[in-house]
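# Tertiary structure, described
Here is how the chains run, residue by residue.
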2 protein chains.
Amino acid sequence: MADTHSLEALVQALRKLPGVGVKSASRMAFHLLQHDRPGAMLLSQALQQAATNIRHCSLCHTFTENEVCATCLDPQRDHSKLCVVETPADQAAVERTSAYRGLYFVLMGKLSPLDGIGPNEIGLAKLFERATRGDVQEVILATNFTAEGEATAHVIGEALKARGLRVTRLARGVPAGSELEYVDLGTIAHAFVDRR
Amino acid sequence: MADTHSLEALVQALRKLPGVGVKSASRMAFHLLQHDRPGAMLLSQALQQAATNIRHCSLCHTFTENEVCATCLDPQRDHSKLCVVETPADQAAVERTSAYRGLYFVLMGKLSPLDGIGPNEIGLAKLFERATRGDVQEVILATNFTAEGEATAHVIGEALKARGLRVTRLARGVPAGSELEYVDLGTIAHAFVDRR
């Protein structure tokens, strides 16, 4: 309908969000217009500001509004350790544990040859340059434990070992709170291999 | 973190969307910033335009960009029938059936005394004024078949009958394609009462 063009444009635009189909998008649009127009304006501004202000840290590649992110600038951090993760979301998950006080390198993706994503697309050259600076002594590979994540860890690990760096990988094993009976075989097998 | 203020503001703003918690909001924010910044800008503009341009039809109360919506202006429509629905989404559902060619009145809500939503809050006075104009001969109550929707239909129905209008309610019965074995008892009982 010509007289609801803005509404249809909004529904189409909401479908840009991951996991949002046409039904959810309609529901969201109707909700905002019916009950929360200030919320719609707030979201509009937040999107615009984030898309304009957020860029990548020149050292670790994560999201920041500055040239270098707060984590990389923090003198309290252990600058001899570098943790390689796939995304800022993964970095946030590691941060929440408070178990790691070193620095990060965020790949912003993973190797996926089937999708045409090779070493150049995820900026491995930049990682190698960052890791081979004098201060990094250990690189911890914390890519996901999926097929692509494992492949990415393998490629990075081999390349960094060839450059003489100490490379470790997050331990695979039985998740906290789980019963062996319900843990998959591959995980138990790995937990046996990596037992300590 | 001070250097990702825009990102945190975006996550908070995304939570204004119905059904989006903090995890989904983070995922959406990361996705837009990492993979689809043009999409984020497009969504920002669409939200702003819709929140600015979309208002309510002065006749039927549905969403429109004009004073009167395209449906109310359509001379092909049967102006003797008025279908009362709760929301523009419900109106869209009825429209998709192509089974109805009359006009609409959109309540933009339902009676819900527990939430403090009475006849004034959903503009029943405006409905009564609209329905008692000379051209409307039948009012079809198509509010939802929930407790609130039924109560709303009852209140409107009684008021309009008192004004001498013909009032009908959508038929309750067994949904198309369903097997009796799996249909709830209340629905089957209603289908018996309303059999034809």
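All of these numbers come straight from a predicted model, not from anything done at the bench. (Residues numbered from 1 in each chain as written. Chains lettered and ligands numbered in written order. Predicted model: local features only at pLDDT ≥ 70, side-chain atom pairs only at ≥ 80, totals over all residues. Heavy atoms only, no water.)

### Quick notes on the interface of chain A and chain B
Rules: Residue contacts are counted whenever heavy atoms from the two residues lie within 4.5 Å of one another. Once two parts are brought into contact, the accessible area they lose, counted with a 1.4 Å probe and summed over both, makes up the buried area. For salt bridges, the criterion is a side-chain nitrogen of Lys or Arg within 4 Å of an Asp or Glu carboxyl oxygen. Polar contact is defined as a pair of N or O atoms within 3.5 Å, subject to the rule that within protein one atom must be able to donate a hydrogen and the other to accept it, and that residues adjacent in sequence are counted only when both atoms are side-chain atoms.
On the side of chain B, 52 residues touch chain A, which itself brings 52 residues to the contact. Where chain A abuts chain B, roughly 4600 Å² becomes buried across the two surfaces, and 70% of that area is made up of carbon and sulfur atoms. Area buried by chain A at its contact with chain B is led by Asp3, Leu47 and Phe63 of chain A, which between them contribute 14% of it. On inspection of chain A and its partner chain B, the count reaches zero salt bridges. At the junction of chain A with chain B, the criterion picks out 11 residue pairs in polar contact (both at pLDDT 80 or more).

### Details of the UniProt feature "domain: Toprim" (unreviewed entry) in chain A
Formally: UniProt positions are given in the numbering used here, feature names are shortened, and annotations may be inferred rather than shown by experiment. Each helix is a run of DSSP H or I of at least 4 residues and each strand a run of E of at least 2, with the numbering of both proceeding from the N terminus.
The UniProt feature table records "domain: Toprim" (unreviewed entry) at residues 80–175 of chain A. With 35% helix and 20% strand, residues 80–175 of chain A has end C-alpha atoms that lie 28 Å from one another.

### A look at unusual backbone geometry
Note the following rule: Throughout, exposure labels follow a simple rule: accessible area from a 1.4 Å probe, protein chains only, divided by the maximum for the residue type, with under 20% read as buried, over 50% as exposed, and the rest as partly exposed.
We note that Ser98 of chain A has phi near 60°; this positive angle belongs to a residue other than glycine. According to the relative accessible area criterion, Ser98 of chain A is exposed, its value standing at 59%.

### Looking at the packing of helix H1 (residues 5–14) of chain A against helix H2 (residues 22–35) of chain A
Residues and elements named next belong to chain A. Filter applied, for reference: Here an angle of 0 to 180 degrees is reported between the N-to-C directions of two axes, which are lines fitted to C-alpha atoms, with helices fitted over the stretch in contact. Put simply, angles under 35 degrees are roughly parallel, angles over 145 are roughly antiparallel, angles from 65 to 115 are roughly perpendicular, and the rest are oblique. Crossing handedness is read from the near helix: turned anticlockwise from the far helix by less than a right angle, it gives a left-handed crossing, and turned clockwise, a right-handed one. We call Asp, Glu, Lys and Arg charged. Ala, Val, Leu, Ile, Met, Phe, Trp, Tyr, Cys and Pro are nonpolar, and the rest, Gly among them, are polar.
Relative to each other, H1 and H2 sit at 125°, their axes nearing to 8 Å. What the angle tells us is that H1 and H2 run oblique. Our pair here, H1 against H2, has a crossing hand that is right-handed. The residues of H2 that touch H1, namely those facing Leu7, Leu10, Val11 and Leu14, are Val22, Ala25, Ser26, Met28, Ala29, Phe30 and Leu33. Across the contact of H1 with H2, the residue classes break down as 10 nonpolar, one polar and no charged.

### Let's talk about the UniProt feature "zinc finger region: C4-type" (unreviewed entry) in chain A
Per the UniProt annotation, the sites labelled "zinc finger region: C4-type" (unreviewed entry) are residues 57–72 of chain A. The distance from the first to the last C-alpha atom of residues 57–72 of chain A is 8 Å, and the span holds 19% helix and 12% strand.

### A short note on the relation of the copies chain A and chain B
Test applied: Here the copies are matched by least squares. The fit uses the C-alpha atoms of residues with pLDDT of at least 70 in both.
In the superposition of chain A on chain B (RMSD 0.1 Å, axial shift 0.0 Å), the rotation amounts to 180°. Those values place the two copies in the arrangement expected of a two-fold rotation axis. Relative to the rotation axis, the C-alpha of Ser44 of chain A is the closest in chain A, positioned 2.0 Å from it. Taken together, the interface assignments show that 100% of the residues at the interface of chain A recur at the interface of chain B, consistent with an identical surface on both copies.

### Quick word on helix H5 (residues 88–97) of chain B
Along an α-helix, residues three or four apart share an orientation, since each turn contains 3.6 residues. Defined as follows: Here, the arc refers to the directions that run from the helix axis to the C-beta atoms.
Buried within H5 of chain B we find Pro88, Asp90, Gln91 and Val94 of chain B. Projected onto a plane normal to the axis of H5 of chain B, the buried residues spread over an arc of 155° and lie on a single side. Structurally, H5 of chain B contributes buried residues whose contacts are with H2 of chain A together with strand E2 (63–64), helix H4 (70–73), strand E3 (78–85) and strand E4 (102–106) of chain B. Just past H5 of chain B, the residue Ser98 of chain B takes up positive phi, approximately 60°.

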